[in-house]
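Chains, contacts and geometry: an overview
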Amino acid sequence: MSFLGIVYLFRIIWLFKFTYRKERTYPAGSAKTGVIYSMMNVAMPWAMESVRKKPGFYIQFLIFHIGIAAAISSTFIIPYWPGLFKIKAVVILFQLSIGAALIVGLLRLIRRISNPGVRLISTLDDYASLILMILFFAAGIIAIPNRYEMGEWPLIIFFAITAFLLIYVPFSKIGHYLYYPFTRYFLGKTMGHRGILPRKKSKTTTGADSSQA
Amino acid sequence: MSDDKVDTSKVVNLPLETKTQKKAKEDQLRCVAQGQLKLYDPKANNVQKFIDLLSQRINRSIVSSMVACVHCGMCADSCHYALARPSDPTMTPAYKADQIRRIFKRHMDWTGRLIPWWVEAHSPANDEELNRLKNIVFGTCSQCRRCTLNCPMGVDTATLIRMTRGILTELGIVPEGVFNVSRDQWETGNQMAVKEEDYLETLEWMKEEVQEELGIPEVDIPVDKKDCDFMYTINPREIKFDPRSIANAAKIFHIAGESWTMPKWGWDQTNFGLYSGDDKLGAYVARNLYEAAQDLRAKRIVISECGHGYRSTRWEGYNWADYDQKIPTESVVITLIRYIKEGRIKVDPSLNPEPVTFHDSCNIARSGDLVEEPRWILKRVCSDFREMHPNRTENFCCTGGSGLLSMAEYRPLRLEVARIKAEQLKATGAKIVCTICHNCVDGLNDLIRHYRLEMKVVQVLDLVANALILPGKKHSFRK
């Protein structure tokens, strides 16, 4: 975990080494509102045409990331709060969440291989990251019951993959969540300042009422 | 609709043409001698120069767009190139962005520097590869920013494309059309090389036209008049091909009792720096205009209908020129709304009875701030306004954006992918398509001819001028 944190810290320092241009124009909207809107975009599937046209893709996204959250939580629950997984309903809930994410992971892998457009832009890192997550889910489903008396291997495999992920993630595309706030912030700031985001609704007032001052 | 498919491999392998570059060198043009406009040098280490320029020009927001792409491919559904050519994966915006992203990864990103093959990081081997990159960034993307707004991660592919164009421009690895227009704007201060006498003569001619039309000899198109309410700036296309738009503006300004002027220098609100990615050209053109307004002590700058001109003058130009905005800078659309709201002009929508639809310019809808404003006017000057779908920030490009109209070599591909726009236009059933962009006028006219659509392209000023009611008269004074 410390390794992951240190690498992320270096990554953010690296990002901040690059310049950022000062905005010199009068605003037509609010940069702050734009940033908030842009950041919340992930929770607004109606906001993007690409998602509206493919709601199934958004549902897959939710399932996949809920599964990730469940699998990561399990890596803490097993050693620090093992009692929770003594409750059968909790185990089933976690297994279902992670199992659904595993199925989505497999669907995403099939899509990556079969869709010519996605295949063309895919690198080994894209495939490895996805396969690694699928393995992580599979190991998680087996390890979550936490019944080491039945054998230690499920736990060893699950935590071995976890350890590998902690090292691999910051160097792979899995680390995209680190960049999400930055891309969304920059885009939201520009678009908010210009009054493009939040997207305008039909209104009676117009820019003619604004003094731009 | 046409089914002819352009061979993508031919497009990306189009050779670099340097005839006009050689001519510019022979002619010892000032902009070449002063190093403002760069020429291609086959003996130079262009690959290394490219890499050096990349590291100099990349900024924080571009870096985040470089590293954040997860290769989900969602952008393909938002790009008119990819939608029109679903069987061609090289049209996916992420693929186009990856062509620069892999160079960034190879030289600036950790994983790409250590294990390049793992993330397909790559350094261009020679000028041929840079030329291929030129054909991708200039020929297969209109920088419409539709993919940007549809990217779940917020990756701004259009900005990556523009930055790459700018680096290639610095190396002289550009389409001839881009070189020529940049040359003209550097040399003459306007992108169509309009001479000062031609500019002034056209204004004089239009003034006389309006005087005759209105029967009012006091109508004026003032030039370099100080302390006016606004300085009006135009697209050189208006001088060369569409002077009626200046006459329409003059007519409306006169009826509204406006105090306005046009500058003798710094009147071109268009800016090829936006298309070529050359921030220095962008700064030069924008500064000319801002300084003209300052010298004339104008209280605001009004920009005639032009998509990239509006974006460049209202938004990007101040930043390129490191020039703090001091006075309001607005589109003429906003000026017209003010006139209508204040009762300074009266309009009759029955004078525009034909069905009208509106095409949102990419540079205004996705990189500017005017979406509802033109509609506000159209609903008051047309009796049958109908929306195009999708619209506003989701509208499709006219396909002539980002300077593509000046790059003849990419026209077959541009017109092929214009099928998406043509279908959009056809579905409205409108006879007139209105837009607030001169570039879109040409782009739309080109595809309307190609796809044989029965439509006419106009601008908001045309429709407002047509719907005008003269004080004391029932109907407008249209010809």
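Use the structure listed above.
Note that the structure is predicted; figures quoted are calculated from it, not measured. The residue numbering used here restarts from 1 in each chain and proceeds along that chain's sequence as written. As a convention, the first chain written is A and the first ligand written is 1, with the rest following in written order. Given that this is a predicted model, residues contribute local features only at a pLDDT of at least 70 and side-chain atom pairs are listed and counted only at 80 or more, while totals for whole chains, interfaces and linings are drawn from all residues. Side-chain numbers come from the whole structure's heavy atoms, not from hydrogens or water.

A word on the interface of chain A and chain B
- Across the contact, 68 residues belong to chain A and 74 residues belong to chain B.
- Summed over both partners, the accessible surface that disappears when two parts come together, traced with a 1.4 Å probe, is what is meant by buried area. Taken over both partners, the interface formed by chain A and chain B buries close to 6,400 Å², and the fraction arising from carbon and sulfur atoms is 56%.
- Three residues stand out in chain A for area buried against chain B, namely Arg-24, Ile-121 and Arg-194 of chain A, and they jointly supply 12% of the buried area on that side.
- What makes a salt bridge here is a side-chain nitrogen of Lys or Arg within 4 Å of a carboxyl oxygen of Asp or Glu, nothing more. Across the contact surface, chain A and chain B share nine salt bridges.
- Measuring nitrogen to oxygen at the nearest pair gives 3.0 Å for the salt bridge that ties Arg-24 of chain A to Asp-324 of chain B. Working rule for contacts: check all heavy atoms of both residues, and any pair within 4.5 Å makes them a contact.

Side note on the pattern of salt bridges
Residue and element names in this part refer to chain B.
- For the structure shown, the criterion picks out 46 salt bridges over all chains.
- Between Asp-88 and Arg-85 there is a salt bridge, with the nearest N and O atoms lying 3.1 Å from each other. As far as burial versus exposure is concerned, Asp-88 and Arg-85 are alike and both buried.
- Across the pair Asp-442 and Arg-237 runs a salt bridge whose closest N-O atoms are separated by 2.8 Å. In this pair, Asp-442 sits in helix α25 (residues 438-450) while Arg-237 sits in helix α15 (residues 236-240), placing the two residues 205 residues apart along the sequence. Note on exposure labels: buried denotes an accessible area under 20% of the residue type's maximum, exposed denotes more than 50%, and partly exposed covers the range between, all computed with a 1.4 Å probe on protein chains only. Only DSSP runs of H or I covering at least 4 residues are called helices, and only runs of E covering at least 2 are called strands; the numbering of each starts at the N terminus.

Thoughts on the nonpolar core
- Think of a nonpolar core as a cluster: buried Ala, Val, Leu, Ile, Met, Phe, Trp, Tyr and Cys residues, connected wherever their side-chain atoms sit within 4.5 Å. In terms of nonpolar packing, the biggest core is built from 194 residues, with Leu-54, Ile-58, Tyr-232 and Ile-377 of chain B touching the most fellow members.
- The dominant element in this core, judged by the number of residues it contributes, is helix α7 (residues 124-143) of chain A, at 10 residues.

Some details on the sheet that holds strand β4 (residues 329-331) of chain B
All names here are of chain B.
- In this analysis, strands are considered paired if DSSP registers two or more bridges between them. As summarised here, the arrangement of the four strands in space is β2-β1-β3-β4, forming an open sheet in which the pairing is parallel. Edge positions in the sheet fall to β2 (260-261) and β4, since each of these pairs with one other strand and no more.
- In this structure, strand β1 (residues 230-233) lies alongside β2, joined through two bridges in parallel fashion. Note on β2: the bridge partner recorded for Met-231 is Thr-261.

Describing the packing of aromatic side chains
All names here are of chain B.
- Only centres within 6.5 Å qualify two rings of Phe, Tyr or Trp (six-membered ring in Trp) as a pair; their planes then separate them into stacked at under 30 degrees, edge-to-face at over 60, and tilted for everything else. Summed over the entire model, instances satisfying the criterion amount to 27 aromatic pairs over all chains.
- These aromatic residues form a ring-pair network of at least three members: Phe-230, Tyr-232, Phe-253, Trp-260 and Tyr-339.
- To sit over a ring, a charge needs its Lys NZ or Arg CZ within 6 Å of the ring centre and within 35 degrees of the ring normal. One cation-aromatic arrangement involves Arg-314 over Trp-315; the distance from NZ or CZ to the ring centre is 3.8 Å.
- A cation over an aromatic ring shows up here: Arg-380 above the ring of Trp-376, its NZ or CZ 3.7 Å from the ring centre.

In short, the description is geometric, and any link to function would need to be established separately.
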